[in-house]
Amino acid sequence: MAERPDSAGPTFRQDYFGDPAGWAALVCLLRDIFGIDIGPLQQLGGPDPTSMPFGWFDADGGLAANISAFELPFVLNDRIVHAAGLQSGAVRPAWRGRGLYRDVTVKALDWCEKQGFEAVILYTDKPSLYEPYGFHPIPLHRYEGAAPAPSASAAPARSLSPTNADDLVLLQSLLKGRSPVSTSLAVTVNAAMFLINTQLDPDVRISFLAERQAAIAWKIDEAGRFSLLDVVAAEIPPLAVILAGLEIAPASVEVLFRPDKLGWEGVPQQLESGTRLMLRGLGDATLDFPAMLSPMAEF
């Protein structure tokens, strides 16, 4: 779909991820504005198939402004919400102040309403930009505490690399059949986001517990603090089993989602980050327990 407001102005398009030039324009926009490269996503299964991008293109085929909507069901307080996510929102400096970003945002939200989504969520470091559209921030909390004694029965895990063809097939299968990692706040489907986040953060490790058919996304720092980012499995294994499989005895643990399925209780700590999770819809819905979305679900 395309429209040109006047002979000198940019051209509006939507649904252009199937066009190699359109996808390349988005990759270039995000690299220029945010310094991130989503190009490898094409080798990891491609963008989310439910994605609907909205953008204004300049005369040379470059993206002046973009925002993309996609289906993102998530769990909130033990209920699955039929929701959409917004991502890849950006406008080039030379095109700011012309209403292009406002235009694509309105178009994306109108599309979400026509699709019947009951809520829309997004991440932003500029929450005031989205409050006029009915978004409000959700306070986020991580959990920290002492490591549990590892389970003696766990078999050693093996490393996975999403850029390895066999490992990618395994990860895609696990992501397709995953359970939400928490009953408080968690995505139910996030294959594209999980896979690209393995490439955007070089410190993220992915390990596979074969006995539990679980992929573990984790980090450990020089001080011995273990960070659990995500668990991809039909049944979430206990934290003690995870640590035993990874064959580590960390000095401390932080879990970057509510650990209600891990058989471990940490202390909630407010997440210190310039990025906020924003919610539109569901009235004044709030979290029943401190929680956050896994960083592997960030978009």
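Preceding this paragraph is the structure being described.
No experiment lies behind these values; they were computed from the predicted model shown.

## Quick notes on the overall build of the protein chain
Alright, step 1. Along its length, the protein chain carries 6 helices and 18 strands.
Alright, step 2. For 299 residues, the compact-globule estimate of 2.2 N^0.38 gives 19 Å, and the C-alpha radius of gyration of the protein chain, at 20 Å, lies within 12% of that figure.
Alright, step 3. Each of the three principal axes of the protein chain carries a C-alpha extent, and together these read 70 × 45 × 35 Å.
Alright, step 4. Scored against the burial criterion, the 299 residues of the protein chain give a buried share of 52%.
Alright, step 5. For the protein chain, contacts bridging at least 24 residues in sequence account for 70% of all contacts bridging at least 6.
Alright, step 6. Accessible area of the protein chain: about 13600 Å², with a carbon and sulfur share of 50%.
Alright, step 7. In the protein chain, 23 positive and 35 negative side-chain charges are present, and the distance between their average locations comes to 4 Å.

## A few points about the sheet that holds strand β14 (residues 214–220)
Alright, step 1. If you walk across this open sheet you meet the 7 strands as β11-β13-β14-β15-β16-β10-β17, and the pairing is mixed. Since the sheet does not close on itself, it has two edges, and those belong to β11 (158–159) and β17 (267–270), each with one partner.
Alright, step 2. Pairing of β14 with strand β15 (residues 225–232), which is carried by 6 bridges, proceeds in the antiparallel orientation. Across the sheet, the residue bridging to Ala215 is Val232, located in β15.
Alright, step 3. Set on the sheet, helix α6 (residues 239–246) makes contact with β13 (205–209), β14, β15 and β16 (252–255); between it and β15 the angle comes to about 110 degrees.

## Looking at unusual backbone geometry
Alright, step 1. Even without a glycine there, the phi angle at Asn77 is positive, about 55 degrees.
Alright, step 2. Take Asn77: it is sitting in the loop between β5 (74–76) and β6 (79–81).
Alright, step 3. In this structure, Glu247 is a non-glycine residue whose phi angle is positive, near 60 degrees.
Alright, step 4. Within the secondary structure layout, Glu247 lies in the loop between α6 and β16.

## Topic: the side chain of Ser207
Alright, step 1. Following the sequence through the fold, Ser207 ends up in strand β13.
Alright, step 2. Here Ser207 falls in the buried class, since its relative accessible area comes to 6%.
Alright, step 3. Within the local environment of Ser207, its side chain forms a polar contact with the side chain of Trp218, the two groups lying 3.0 Å apart.

## Looking at the pattern of salt bridges
Alright, step 1. Taken as a whole and assessed by the stated rule, the structure comprises 15 salt bridges.
Alright, step 2. Ionic pairing is found between Arg13 and Asp19, a salt bridge with its closest N-O pair at 3.1 Å.
Alright, step 3. Linking Arg92 and Asp32 is a salt bridge whose minimum nitrogen-to-oxygen distance equals 3.0 Å. Separated by 60 residues along the polypeptide, Arg92 in the loop between β7 (83–91) and α2 (100–114) and Asp32 in helix α1 (residues 20–34) bring together distant segments of the chain.
Alright, step 4. A cluster of three or more residues bridged by salt bridges with shared partners is formed by Arg142, Glu144, Asp221, Arg225 and Glu254.

## Things to note about the sheet that holds β6
Alright, step 1. An order of β6-β5-β12 is seen for the 3 strands of this open sheet, with the pairing classed as antiparallel. Of all the strands in the sheet, just β6 and β12 (185–187) have a single pairing partner and so form its edges. Pairwise comparison of adjacent strand axes, ignoring direction, gives a mean angle of 30 degrees for this sheet.
Alright, step 2. Sheet topology places β5 next to β6; 3 bridges connect them, and they run antiparallel. Among the inter-strand pairings, Val75 is bridged to a residue of β6, identified as Ile80.

## Some points on the layout of surface pockets
Alright, step 1. Estimated volume of the second largest pocket: approximately 310 Å³.
Alright, step 2. Asp48, Pro49, Val189, Ala191 and Ala192 are, among the 17 residues lining the second largest pocket, the residues nearest its centre.
Alright, step 3. Where the lining of the second largest pocket is concerned, the elements lending two or more residues are α4 (165–176) and α5 (191–200).
Alright, step 4. Tallied by class, the residues present in the lining of the second largest pocket amount to 9 nonpolar, 5 polar and 3 charged.

Here is what the cut-offs are and how they apply
Residues numbered from 1 in each chain as written. Predicted model: local features only at pLDDT ≥ 70, side-chain atom pairs only at ≥ 80, totals over all residues. Heavy atoms only, no water. Helix = DSSP H or I, 4+ residues; strand = E, 2+ residues; numbered from the N terminus. Rg over C-alpha atoms; globule rule 2.2 N^0.38 Å. Buried < 20%, exposed > 50% of the residue type's maximum accessible area, 1.4 Å probe, protein only. Contact = heavy atoms within 4.5 Å. Areas by Shrake-Rupley, 256 points an atom, 1.4 Å probe, with all protein chains shown as cover. Lys, Arg positive; Asp, Glu negative; His and termini not counted. Charge placed at Lys NZ, Arg CZ, Asp CG, Glu CD. Pairing = 2+ DSSP bridges. Axes fitted to C-alpha atoms, helices over the stretch in contact; angles between N-to-C directions. Polar contact = N/O pair within 3.5 Å; in protein donor to acceptor, adjacent residues only side chain to side chain. Salt bridge = Lys/Arg side-chain N within 4 Å of Asp/Glu carboxyl O. 1 Å grid on protein atoms, 1.4 Å probe; cavity = no way out; pocket = protein on both sides within 12 Å on 5 of 7 lines; lining within 4 Å. Points joined across faces, edges and corners; volume = space filled by probe spheres on them. Nonpolar A, V, L, I, M, F, W, Y, C, P; charged D, E, K, R; others polar.

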